[in-house]
Amino acid sequence: MILDEGMTKWVNDFAGLITQAQSGTATTLPLKTDTGLTSVVSATIGTVTTTFSGDSVIFQHTIGTSVANNITLNEHELRFANGDSLTRHLLGGVNKTASYILITDHTVSFIRGT
């Protein structure tokens, strides 16, 4: 059995490894063999903030009003500090303009058996 103390340590340590996120324009479905975004918009790379909730960690990434304008963002990823990707998912086509910021939240949950 994983103890609460150990789970808290594990979640916190894991959260410290994910430091970046970015978006791209590709619309192909993610595959577990992907090694990152298919079509990166490099200006969208940025740091993530983390919030903890029980056995989960929420990663939040913000793209400001001056970034990626007049581009349709379709994909997003979480990245380790060395640039390796943890996740890739589709956004559904966000037509980014200077009129708003784009905030994405990713929740990673650690599930344990009894």
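Here, every reference points to the structure presented above.
Summarised in this report is the structure supplied together with it. All chains use their own residue numbering, which begins from 1 and follows the written sequence. Per-residue local features are limited, in this predicted model, to residues with pLDDT of at least 70; the limit for side-chain atom pairs, both in listing and counting, is 80 or more; totals at the level of whole chains, interfaces and linings are taken over all residues. Remark: hydrogens and water are excluded; side-chain values derive from all non-hydrogen atoms of the structure.

**A few points about the packing of aromatic side chains**
Aromatic contacts are taken between Phe, Tyr and Trp rings whose centres are within 6.5 Å, Trp giving its six-membered ring; a plane angle under 30 degrees counts as stacked, one over 60 as edge-to-face, and the others as tilted. In total, this model carries three aromatic pairs according to the counting rule given. Pairing Trp10 with Phe110 gives two aromatic rings, centres 5.0 Å apart and planes at 55 degrees, and the pair type is tilted. With Trp10 in helix α1 (residues 4-17) and Phe110 in the segment after β6 (102-109), this pair connects stretches of sequence that are 100 residues apart. Residue burial is assigned from relative accessible area. The probe radius is 1.4 Å, only protein chains are included, and a residue is buried under 20% of its type maximum, exposed over 50%, and partly exposed in between. What makes Trp10 partly exposed here is its relative accessible area of 45%. With centroids separated by 5.3 Å and ring planes inclined at 80 degrees, the aromatic side chains of Phe14 and Phe110 adopt a geometry described as edge-to-face. You can see Phe14 sitting in helix α1 and its partner Phe110 sitting in the segment after β6, a full 96 residues away along the chain. Both residues of the pair, Phe14 and Phe110, count as buried. Through pairs of rings, three or more aromatic residues link up here, namely Trp10, Phe14, Phe59 and Phe110. Only runs of H or I of at least four residues qualify as helices and only runs of E of at least two qualify as strands under DSSP, and these elements are numbered from the N terminus.

**Structural notes on the pairing of strand β3 (residues 56-63)**
Strand residues, when the strand is regular, have side chains that alternate between the two faces of the sheet. Strands are treated as partners if at least two bridges between them are detected by DSSP. Pairing geometry for strand β2 (residues 46-53) and β3, over six bridges, is antiparallel. Within the sheet, the bridge partner assigned to Thr51 lies in β3 and is Ile58.

**Some thoughts on the pattern of salt bridges**
Should a side-chain nitrogen of Lys or Arg be within 4 Å of a carboxyl oxygen of Asp or Glu, the pair is scored as a salt bridge. Within this structure, the stated rule accounts for six salt bridges. Residue Asp4 is joined to Arg112 by a salt bridge in which the shortest nitrogen-to-oxygen separation is 2.8 Å. Of the two residues, Asp4 is situated in helix α1 and Arg112 in the segment after β6; the sequence distance between them amounts to 108 residues. Judged by its relative accessible area of 54%, Asp4 falls in the exposed class.

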